[in-house]
Amino acid sequence: MEMLIVDDEKFAVEGICRCNDWQALGIDEVHTANHADEAREIMQDRRIDILICDIEMPDEDGLSLVRWVKECSPHTESLFLTCHSEFAYAKQAINLGSFDYLLKPVDGGELAGAVTRMLQAIKEKEEHTRYTEMYRKYYSLWKKQKPRLVERFWQDLLSRRLLSFGDFLERALQDAQIDLHPDDRVLPILISIEEWNKPMDSRNQEIMEYAVKKAAEEIWLAGQPGEVITDKAGVMFVVVYASGSAEDAAAASMTDSSLDRWIQTGSRFINVCREYFYCSVTCYVGKYALLQELPGLCDNLKNMERDNITGTQSVLLYTPQSLQALPSAGPGEIHISEWANYMLNGDKEMMIRLIHRIVGRLEATPNVQGKHLTTLHQDTLQIIYHFLQVKGISANHVPQFPMWASAQVRSLRHYMHWAESLVSAVMEAAFEPDERDGVIQKSIRYIHHNVEEDLSREDVAAHVGLNPAYLSRLFKKETGQNLIDFLIEAKMNRAKELLDTTGMTVSAIAQQVGYSNFSHFTKMFRKQFEVNPQEYRNVTKRMD
């Protein structure tokens, strides 16, 4: 920051230069001038951030100089000095947009305080300008953004809306013009926007989410083949491609060095999001997996996010959960009652492990014939239909169920991916709505029971044992309302009830519902009911 002092009295200039340690306050260089023309020459050569100017000068007054400054150097903040206290001078100074107006001789502490406030105003103005420019850039890109075949492919794959084996997957990749083979591997990374650190309405938040998405492309992919997509539930994923070549297969082995690289990349991305996009982000890095394995792996990353209630703004690596020992069985034998019990108990992970085990045993068994695969396929369908009947669920409520149920399974590998996808889709259709409803209702009850406490989104999430970002996304999806907005609405309704039924002062009511800042409480109340609390009380009294 550079400052210019303009005064025709040399002793006044020297006094201002020496009255404070300007460098300690944040001024890197101090320039001086004894008349307006000299000041103009300096300002044409230097970027002056703060101008301290005497109003009364013999050749040209300071008001005239500042008019020129406003046209030629609009970023400069101006402060006037004068020996006179006439209101006419103050009025002109205010009309010119000067930051302050001080009487001479100036007290050094008073001047230091004014300059400190000017420096803060300059920083806030620069931040606002940077944000506006960045916002306009991403707003323009956002308006041009159209649904793409590539993103639709990944959304359908993750939601199990397309058959993910054999020719079906290969044709889907070709239709989406994705340069991948069904045997290639990809690395999923879940990007969780934990919290916005700047107030935004829903439209601006959508634009900023798009900005985060573009930043993820630049930082996580960095020219590497891949895609950043948002699945049908609104979760952002980076999908990094690795082809089937020996070189890429080695890179996909997730060695310590490659893990360190992903952690460093994630840390840089988190810092960028915090500094430029006003949000706190946590990244969940998966492992390289076949395309058919991707829906299950992404579900596991979502579970990591759901259960993470401590490690925010960090990079977390996926580690498979250890499961209980599996019961013994013959190579191709399904214990239908056993499988049905696991499904009815909602143990999807155990079901997937049973599917993998039976395929592994059959692959290791000599002389396996087509009839074994047919029997396996039919037994699995029998379990599925029994499960749907017991749970009272129509097959129409399972995404793409007719397509999956009628699919031809030609190999054990096809069966494994088919069974895993169908079992997952059926169990999600059966259990997820009840789980979601339970969490949402529990959250709502907690808010209503603690509406007079200093309650935050994190408090509600901790009560239901979920990650705050995960709960917020789930709450918005199920209720159509942001969790924070619902919390504020509950507090304002309680405040209105207290205004109606008690004689408490408005200030006391603000404290009662958890607002220590009275101005903020009044602002929230007006936003909710279009009048401030006192006006509301006066109106209701007149009506009574």
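None of these values were measured; they are calculated from a predicted model. (Residues numbered from 1 in each chain as written. Predicted model: local features only at pLDDT ≥ 70, side-chain atom pairs only at ≥ 80, totals over all residues. Heavy atoms only, no water.)

A few points about the pattern of salt bridges
If you walk through the whole model with that rule in mind, you get 21 salt bridges. As a salt-bridge pair, Lys125 and Glu77 come within 3.0 Å of each other at their nearest N and O atoms. One end of the pair, Lys125, is in helix 6 (residues 108-144); the other, Glu77, is in strand 4 (residues 77-82), with 48 residues separating them in the sequence. For Lys125, a relative accessible area of 38% gives the class partly exposed. Residue Arg457 is joined to Glu458 by a salt bridge in which the shortest nitrogen-to-oxygen separation is 3.2 Å. Under the relative-accessibility criterion, Arg457 is labelled buried at 11%. Here Glu458 falls in the partly exposed class, since its relative accessible area comes to 33%. (Salt bridge = Lys/Arg side-chain N within 4 Å of Asp/Glu carboxyl O. Helix = DSSP H or I, 4+ residues; strand = E, 2+ residues; numbered from the N terminus. Buried < 20%, exposed > 50% of the residue type's maximum accessible area, 1.4 Å probe, protein only.)

Side note on helix 9 (residues 202-221)
Between its first and last C-alpha, helix 9 extends 28 Å over 20 residues, near the 28 Å set by a 1.5 Å rise per residue. Ala222 occupies a position one or two residues after helix 9 and carries a positive phi of about 45 degrees. (Expected span 1.5 Å × (residues − 1).)

Points about the packing of helix 9 against helix 11 (residues 256-276)
One way to put it is that helix 9 packs onto helix 11 with a least axis distance of 10 Å and a crossing angle of 150 degrees. Here helix 9 lies roughly antiparallel to helix 11, going by the angle between them. For the pair helix 9 and helix 11, the sense of crossing is right-handed. Packed against helix 9, whose contacting residues are Met208, Val212, Ala215, Ala216, Ile219 and Trp220, the element helix 11 presents Trp262, Thr265, Gly266, Arg268, Phe269, Val272, Cys273 and Tyr276 at the interface. Grouping the amino acids of the contact of helix 9 with helix 11 by side-chain chemistry returns 11 nonpolar, two polar and one charged. (Axes fitted to C-alpha atoms, helices over the stretch in contact; angles between N-to-C directions. Parallel < 35°, antiparallel > 145°, perpendicular 65-115°, else oblique. Left-handed = near helix turned anticlockwise from the far one by under 90°. Contact = heavy atoms within 4.5 Å. Nonpolar A, V, L, I, M, F, W, Y, C, P; charged D, E, K, R; others polar.)

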